[in-house]
Amino acid sequence: MSDTKKLPELFGSLVFNEETMKERLSSASYSAWKKSVTDGTSLDISTANEIAEAMKQWAVEKGATHYTHWFQPMTGFTAEKHDSFISPAGGGKIIMEFSGKELVRGEPDASSFPSGGLRATFEARGYTAWDPTSFAFIKEDSLCIPTVFCSYSGHALDKKTPLLRSMDEVSRQAVRILRLFGDQETKRVIAQVGPEQEYFLIDKTLYNRRKDLRTCGRTLFGAKPPRGQELDDHYYGAIKPRVAAYMKDLDETLWALGVLSKTKHNEVAPSQHEMAPIYTDANTACDHNQLVMEMMKKVADRHDLVCLLHEKPFAGVNGSGKHDNWSLGTDTGRNLFKPGSTPSQNAQFLLFLAAFIKGVDEYQDFLRATVAFPGNDHRLGAQEAPPAVISIFLGDEMSAVVDSIIQGTEYKEAGKRTLEIGVDVLPSIRQDNTDRNRTSPMAFTGNKFEFRMLGSSQSVSGPNIALNTIMAEELKQFADELEKSKDFQSDLQKLIRRVFTEHQRIIFNGNGYDDAWIAEAARRGLSNLASTADALSVYTAKKNVDLFVRHGIYTKEEVNARAEIHMENYVTVISIEAKTMADMIRHDILPAVSGYADTLCQRAYHKDALGVSCKYENSTAKELGKLTDALFSACDRLERDMEKLPADTKKAMTYCRDVVIPDMSKARELSDQLEGITAADCWPFPVYSELLFST
Ligand code: ADP
Ligand code: MG
């Protein structure tokens, strides 16, 4: 797309969106689809047939030859299996066919997806079912139909089903609250999400020379380069031509798919960048974020680049995260986290705020667990990312409001009197700029919360399922209490004050990177789950399981399955990293440093024969010898410890944390020292200063 005037035509050109449906469906079928989206009614087969036919015609006109149900198994990736539209028509000819049945239901042989024990092998097949709330689209000549993925016994085997359930539940409870405030109009409350996505770009040739990048998505070795991000010159810096070309291609690819790609810029680390879309409903946002991650990689390939979505591709510079901007909006277009301009709107806002604060305080451990992945362990708690302790940043002004409510004291901006909820107008709250320090894991940014602990490579479903469900729980409790109230204003006041008082410990506006905060958080009794191994242990705590079961988001089996898959994934990832590390040490690093030491010895031998001083050769060769032996032992130890990896997943997880990861750190330390004294042309793979400045 060279002519920017064409953007409106390009946007969504590969999406079978509402406008296209209106154009191509009979008004009866269009209305039936619309009703199924708004009321959750199911479509009859003749309507499904008509929609399928229209979709097929549209897709074929756009060059599609196949269709696939596109779903999100519990791995956090997307899955697809393509079938062509062809059907034999006799006389050696074919016709293109696609039926309503094929649209609404599929049966992928999905026995190899992790199910956490949910799907007994005798009923290995799961089924996929069309999600009419997310538009179908064309990707690489296939019509992709967003679907949920379930087992025959009805268990959710994916990340979309529970997300849709949680969106329904938070809507139901939020509407109850709105009714108490006299809103009879709102039918649905929508969880809205805008995920900002960070990534690295590096040159493909260099990438291909690093086994660790290819196998693990991150470097397992690498001495700190003389220049990293110390100059602070990359963040928001001018975008280099090669990267700019990539970003342009990425934007156009995403726009065609209907993704509202809005912002692009350089991030803090060299070669690190960010893309942010405009927020949309949580379901679409999750689908789109999956597409964004896929396209970031595919577009990079076209530019001889590689996009790294790993949370920590390089030690010593910032890692990549994903900021999950989350809010609730009504179907009439009101944002429920926007401080209002009338007393009643403010009371309602404060009630939603109270629900959020209470929910995050009560379920801080589970929220932490939703971002617990091995890659994220390198980030959380490190200097560039939020700490592993969850707290809420409200900003000074909003905190002053909350404090004045707790204390029943004057809020100075409010004309020197006690702020009476439902009677007074909130002082106008300026968007607080202090959140720019980015040290808070959960920041209120004016009209939404920004959950900043997510890893760059993870699906955003898990954290949003948790946010929606937690919010639903608190709103339900509030609605149960207030619906019975005889004096709404006064009981509302009391409730908000009580909740702020009981849960104020979760509010923290200071510097989250400060060690003093970790100590203070401990005094406040906040949980500090430092690693994935710690965090995943609380995933299935009774209170957490009860929450999801109570709201019909997960069955007990479904939560357990997810915990199991997370734990298995952790152990698998660490095992692959450990094995890759040992492989690189034995096959690349040891032979290279041994060869280099020998070269130095031979040089010293020859120089010495002629009486030339060889201090450099002698001392370096000795140092190399010492470190090489140490690395050899460290590698041996890592391999031996890996053989003792317990079979039980839970035990294996703590074993990885306590034994394997320390072994790996030791080996890396030795290798990085060796890199520092080895001649550049003898080191077996590209080093940090090349990788980080390759675009
Ligand atoms: P920044 O965090 O850099 O200040 P913005 O606040 O403009 O940037 O937006 C960051 C992300 O938050 C974007 O994806 C944006 O669409 C999204 N966002 C803005 N408002 C909301 C909202 N009410 N609910 C959810 N996401 C939102
Ligand atoms: Mg932001």
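Residues numbered from 1 in each chain as written. Chains lettered and ligands numbered in written order. Predicted model: local features only at pLDDT ≥ 70, side-chain atom pairs only at ≥ 80, totals over all residues. Heavy atoms only, no water.

Which entries qualify depends on this criterion: UniProt positions are given in the numbering used here, feature names are shortened, and annotations may be inferred rather than shown by experiment.
As recorded in an unreviewed UniProt entry, the protein chain goes by Glutamine synthetase and comes from Pusillibacter faecalis. Taken from UniProt, the Sequence similarities (unreviewed entry) comment for the protein chain reads in full: "Belongs to the glutamine synthetase family."

1. Thoughts on the overall build of the protein chain
For clarity, the cut-off: Each helix is a run of H or I in the DSSP string that is no shorter than four residues. Each strand is a run of E no shorter than two, and both are numbered from the N terminus. In this treatment the radius of gyration is a C-alpha quantity, and the globule benchmark scales as 2.2 Å times the residue count to the 0.38 power. A contact between two residues is defined here by any heavy atoms of the two lying within 4.5 Å. We get accessible surface area from the Shrake-Rupley algorithm with a probe of 1.4 Å; when it comes to residues, only the shown protein chains can shield them.
Scanning the protein chain from terminus to terminus reveals 22 helices and 21 strands. What you see for the protein chain is a C-alpha radius of gyration of 28 Å, in line with the 26 Å of a compact globule of 695 residues. In terms of overall dimensions, the protein chain has C-alpha extents of about 100 × 85 × 55 Å along its principal axes. The contacts of the protein chain with a sequence gap of at least 6 include a subset with a gap of at least 24, amounting to 75%. When the accessible area of the protein chain is evaluated, it comes to approximately 29000 Å², of which 52% is carbon and sulfur surface.

2. What about the packing of aromatic side chains?
As a reminder, the rule being used: The criterion for an aromatic pair is that two Phe, Tyr or Trp rings (for Trp, the six-membered ring) have centres within 6.5 Å, with stacked assigned to planes under 30 degrees apart, edge-to-face to planes over 60 apart and tilted to the rest. For a ring to carry a charge above it, either NZ of a lysine or CZ of an arginine must fall within 6 Å of the ring centroid while also lying within 35 degrees of the normal to the ring plane.
Tallying each qualifying case throughout the model produces 30 aromatic pairs. Aromatic ring contacts, followed pair by pair, group Trp326, Phe337, Phe349, Phe352, Phe356, Phe444 and Phe449 into a single cluster. When the ring centre of Tyr127 is taken as reference, the NZ or CZ atom of Arg105 above it lies at 4.0 Å.

3. As for unusual backbone geometry
Our working definition: For the exposure calls, accessible area comes from a 1.4 Å probe over protein chains only, and a residue counts as buried if that area is under 20% of its type's maximum, exposed if over 50%, partly exposed in between.
If you check the backbone angles, Asp141 has positive phi at about 65° while not being a glycine. By the element assignment, Asp141 lies in the loop between strand E9 (136-139) and strand E10 (142-151). Although it is not a glycine, Asp304 sits at a positive phi angle of roughly 55°. Relative to the helices and strands, Asp304 resides in the loop between helix H10 (282-302) and strand E15 (305-308). What makes Asp304 partly exposed here is its relative accessible area of 46%.

4. Some thoughts on the domain arrangement of the protein chain
Selection criterion: An automatic or database domain assignment supplies the start and end points of every domain. Computed with a 1.4 Å rolling probe, the buried area is the accessible surface lost when two parts are put together, summed over both parts. The term salt bridge refers to a pairing of a side-chain nitrogen on Lys or Arg with a carboxyl oxygen on Asp or Glu at a separation within 4 Å.
In terms of domain boundaries, the protein chain breaks down into domain 1 (4-157), domain 2 (166-554) and domain 3 (570-691). Tallying the contact residues gives 20 residues for domain 1 and 17 residues for domain 2. Across the domain 1/domain 2 interface, buried area totals approximately 1500 Å², and carbon plus sulfur atoms make up 57% of it. When the area that domain 1 buries against domain 2 is broken down by residue, the three leading residues are Leu10, Phe11 and Gln72, summing to 31%. Between domain 1 and domain 2 we count 2 salt bridges in total. For Lys139, the salt bridge goes to Glu294, with nearest N and O atoms at 2.7 Å. Elements that contribute at least two residues to the side of domain 1 that touches domain 2 include exactly helix H1 (7-10) and E9. Top contributing element to the side of domain 1 that touches domain 2 by residue count: E9, with 3 residues.

5. Brief notes about the side chain of Lys322
Filter applied, for reference: Within this scheme the basic residues Lys and Arg register as positive and the acidic residues Asp and Glu register as negative, but His and the chain ends are omitted. Pairing of N or O atoms within 3.5 Å defines a polar contact, subject to two protein rules: one partner must be a possible hydrogen donor and the other a possible acceptor, and residues neighboring in sequence count only if both atoms are side-chain atoms.
Positionally, Lys322 belongs in strand E16 (residues 321-330). Within the buried set, Lys322 has no salt-bridge partner at all; the shortest N-O distance to an opposite charge, 7.1 Å, is to Glu311. A distance of 3.1 Å separates the side chain of Lys322 from the backbone oxygen of Ser456, its partner in a polar contact.

6. Details of the site of ligand 1
For the record, the criterion: The criterion for a residue being near a molecule or strand is simple. One of its heavy atoms has to lie within 4 Å of it. Put simply, Ala, Val, Leu, Ile, Met, Phe, Trp, Tyr, Cys and Pro go in the nonpolar bin, Asp, Glu, Lys and Arg in the charged bin, and everything else, Gly too, in the polar bin.
Around ligand 1, a shell composed of 14 residues is seen, among which Pro277, Tyr279, Asn325, Ser327 and Lys448 lie nearest. Tyr279 places a main-chain nitrogen or oxygen 2.8 Å from an oxygen atom of ligand 1. Asn335 is positioned such that a nitrogen or oxygen atom in its side chain is 3.3 Å from a nitrogen atom of ligand 1. Within the complex, the protein chains bury 75% of what would otherwise be the 550 Å² of accessible surface of ligand 1. Put simply, the parts of the chain that give the shell around ligand 1 at least two residues each are strand E11 (189-203) and E16. Among the elements that line the shell around ligand 1, the one with the most residues is E11, at 3 residues. When grouped by side-chain class, the residues that make up the shell around ligand 1 number 3 nonpolar, 6 polar and 5 charged.

7. Looking at the coordination of the magnesium ion (ligand 2)
We apply this condition: The donor definition counts N, O and S atoms within 2.8 Å of each metal and applies 3.2 Å to Na, K and Ca; water is not among these atoms, so some sites may look incomplete.
Taken together, the protein donors to the magnesium ion (ligand 2) comprise Glu196 (OE) and Glu450 (OE), at separations of 2.3 to 2.6 Å. Of the two residues, Glu196 is situated in strand E11 and Glu450 in strand E21 (residues 449-455); the sequence distance between them amounts to 254 residues. Overall, Glu196 belongs to the buried group, its relative accessible area being 13%. For Glu450, a relative accessible area of 4% translates into the label buried.

8. Digging into empty space enclosed by the protein
As a reminder, the rule being used: A pocket, in this scheme, is an open set of points on a 1 Å grid over the protein atoms alone with protein on both sides within 12 Å along at least 5 of 7 lines, while a cavity is a set where a 1.4 Å probe fits but cannot get out; residues line either one if an atom lies within 4 Å of a point. Grid points are joined across faces, edges and corners, and a volume is the space filled by probe spheres set on the points.
Applying the stated criterion across every chain yields a total of 4 cavities of 30 Å³ or more. Here the largest cavity is characterised by a volume of approximately 80 Å³. Lining the largest cavity we find Val193, Pro195, Val259, Leu260, Met275, Pro277, Ile278, Thr280, Ala285, His288, Asn289 and Val292. When contributions to the lining of the largest cavity are tallied by element, the ones reaching two or more residues are E11, strand E13 (272-277) and H10.

9. Details of the side chain of Asp249
With respect to the element layout, Asp249 can be found in helix H9 (residues 241-256). With residues up to four places along the chain from it excluded, the contact list for Asp249 reads Val299, Arg302 and His303.

10. Describing the pattern of salt bridges
This model, assessed by the stated rule, comprises 51 salt bridges. Linking Glu474 and Lys358 is a salt bridge whose minimum nitrogen-to-oxygen distance equals 2.7 Å. Taken together, the residues Glu474 in helix H14 (residues 461-483) and Lys358 in helix H11 (residues 343-362) connect sequence positions 116 residues apart. Given the relative accessible area of 0%, Glu474 is considered buried. Residue classification places Lys358 among the buried positions, given a relative accessible area of 7%. Linked through salt bridges whose partners overlap, the residues forming this network are Glu80, Lys139, Glu140, Glu294 and Lys298.

11. Notes on the state of the cysteines
To be explicit about the condition: In this description, the term disulfide denotes a pair of cysteine sulfurs within 2.5 Å.
Summed over the entire model, instances satisfying the criterion amount to 0 disulfides. Counting only cysteine sulfurs, Cys286 is the nearest neighbor of Cys150, a cysteine outside any disulfide, at a range of 16 Å. For Cys614, which is in no disulfide, the shortest distance to another cysteine sulfur is to Cys601 and amounts to 10 Å. Residue Cys614 is classed as buried on the basis of its relative accessible area of 8%.

12. Thoughts on the packing of helix H20 (residues 615-643) against helix H21 (residues 649-677)
Here is the rule: For helices, the fitted line uses only the C-alpha atoms of the stretch in contact; every axis is such a line through C-alpha atoms, and the angle between N-to-C directions lies from 0 to 180 degrees. With respect to orientation, any angle under 35 degrees is reported as roughly parallel, any angle over 145 as roughly antiparallel, any angle of 65 to 115 as roughly perpendicular, and every other angle as oblique. Two helices crossing with the near one rotated counterclockwise from the far one by less than a right angle form a left-handed crossing, whereas a clockwise rotation gives a right-handed crossing.
It is the contact of H20 with H21, at a shortest axis distance of 9 Å, that shows an interaxial angle of 160°. As the angle between them shows, H20 and H21 are arranged roughly antiparallel. Considering the relative orientation of H20 and H21, their crossing is left-handed. Contact residues: H20 offers Thr620, Glu623, Leu624, Leu627, Thr628, Ala630, Leu631, Ala634, Arg637, Leu638, Asp641 and Met642, while H21 offers Tyr655, Val659, Val660, Asp663, Met664, Ala667, Leu670, Ser671, Gln673, Leu674 and Ile677.

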